[in-house]
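In case you want the letters, here they are:
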Amino acid sequence: GVHMIGTFFNQSQSFKDVMQNMFDFGKSFNFSNQMPGFDLNKFWELNKKNINSTSNLNKSINDDLTAIADKQASIAKENADSLTDAMKEMSQGQITPQRLLELQGQCYQESVAKNMKNAKELGEMYTKLHMKFLEACSNQIKKNMDGCCGGGSCTESHTSSNKKR
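The notes below deal with the structure included here. (Residues numbered from 1 in each chain as written. Predicted model: local features only at pLDDT ≥ 70, side-chain atom pairs only at ≥ 80, totals over all residues. Heavy atoms only, no water.)

Digging into the overall build of the protein
Using the following cut-off: Secondary structure elements are taken from DSSP: a helix is a run of H or I of four residues or more, a strand is a run of E of two residues or more, and numbering for both begins at the N terminus. Residue exposure (1.4 Å probe, protein chains only): buried if accessible area is under 20% of the type maximum, exposed if over 50%, otherwise partly exposed. Contact criterion: two residues are considered in contact whenever any of their non-hydrogen atoms come within 4.5 Å of each other. Using the Shrake-Rupley algorithm and a 1.4 Å probe, accessible areas are obtained, with residue cover drawn only from the displayed protein chains.
When you go through the protein residue by residue, the secondary structure sums to five helices and zero strands. Mapped from its N terminus to its C terminus, the protein presents α and β elements in the order α-α-α-α-α. Considering the protein as a whole, with its 165 residues, one finds that 16% of them fall into the buried category. If you take every contact in the protein between residues at least 6 apart in sequence, the share linking residues at least 24 apart comes to 57%. Within the structure as shown, the protein displays about 12,600 Å² of accessible surface, and the carbon and sulfur contribution to it stands at 59%.

The structure is reproduced here in C-alpha cells:
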C-alpha cells in the first residue's frame, strides 16, 4: 500500500507528473476480458479531460460563492446601518416611553421582514449553485460513460444487453 503510493508521488514531482504516473500505471491493467466494450485507454484520456472540467467548474463555483459572500456582507452592512439609525433615534433626549416602544416594534418588524427576504434570496443563490454543480457533475459523468463505451450510451448498451438475456 505505502510502497504503491510512493511509486505515484514524491515531493519533488509536479501534479502533472503524478497524473502521468497514475495514467501509465493504469495502462498495465487489462479490463477488456471482464468488461467487453470498455476501453481503458479512453477512460484514462477522459480522466485527463476531467481535470480541466473540474478546474473550470471550480472557477465558476468560486465566482458564485464570491457573489454569495458579497451579498452576505451587504446584508450585514445594511443591518448595521439600520441598527445605528434606530439607536440614534431612540437615544434622542425627549423621547417618551410610548414612542420608544413604537420605535422598537417598528425596528423589529422591519428587521424580521428584511431577514426573511434576505434568507430567501440567499437560499435561492445556494440552490442555484448546488443545481449548477450537480448538473455539471451529471453531464461530465455522462460524457465519461459515453466515451468509455465506444461513443454509444452505456445505459443503452447495458439495457439492450439485459433484454437479450
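The rest of the description comes next.
Let's talk about the pattern of salt bridges
Put simply, the test is: For this document, the term salt bridge refers to a Lys or Arg side-chain nitrogen within 4 Å of an Asp or Glu carboxyl oxygen.
Counted under the stated rule, the structure contains six salt bridges. Residue Asp63 is joined to Lys59 by a salt bridge in which the shortest nitrogen-to-oxygen separation is 3.2 Å. Here Asp63 pairs with Lys59, and both are found in helix α3 (residues 40-90), just four residues apart, close to one helical turn. Residue Lys120 is joined to Glu124 by a salt bridge in which the shortest nitrogen-to-oxygen separation is 4.0 Å. Note that Lys120 and Glu124 are positioned in helix α4 (residues 97-148) at a spacing of four residues, about one turn of the helix. Exposure remark for Lys120: the relative accessible area of 56% places this residue in the exposed category. For Glu124, a relative accessible area of 46% corresponds to the partly exposed category.

Side note on a nonpolar patch on the surface
Put simply, the rule is: Patch definition: residues above 30% relative accessible area lacking any salt bridge, with like charges linked at up to 9 Å and the nonpolar side chains Val, Leu, Ile, Met, Phe, Trp and Tyr linked at up to 5 Å.
A cluster of nonpolar residues, Tyr108, Val112 and Met116, forms a patch on the protein surface that exposes about 340 Å² of accessible area. Position of Met116 relative to the elements: it lies in helix α4.

Focus: the environment of Asn79
Mapped onto the elements of the fold, Asn79 is located in helix α3. Residue Asn79 is classed as partly exposed on the basis of its relative accessible area of 30%. Measuring from C-alpha to C-alpha, the distance between Asn79 and Asn115 comes to 9.0 Å, with 36 residues separating the pair along the chain.

Some remarks on the side chain of Gln140
Structurally, Gln140 can be placed in helix α4. For Gln140, a relative accessible area of 15% puts it in the buried group.

Some words on the nonpolar core
To keep things clear, this is the line we draw: Buried Ala, Val, Leu, Ile, Met, Phe, Trp, Tyr and Cys residues that are joined via side-chain atoms within 4.5 Å together make up what is termed a nonpolar core.
Counting residues in hydrophobic clusters, the biggest one holds six residues: Leu57, Ile61, Ile68, Ile75, Leu122 and Leu129. The set of elements that each furnish at least two residues to this core consists of α3 and α4. Among the elements that line this core, the one with the most residues is α3, at four residues. Excluding residues that lie within four positions of it along the chain, Ile68 makes contacts with Leu122, Met125, Tyr126 and Leu129.

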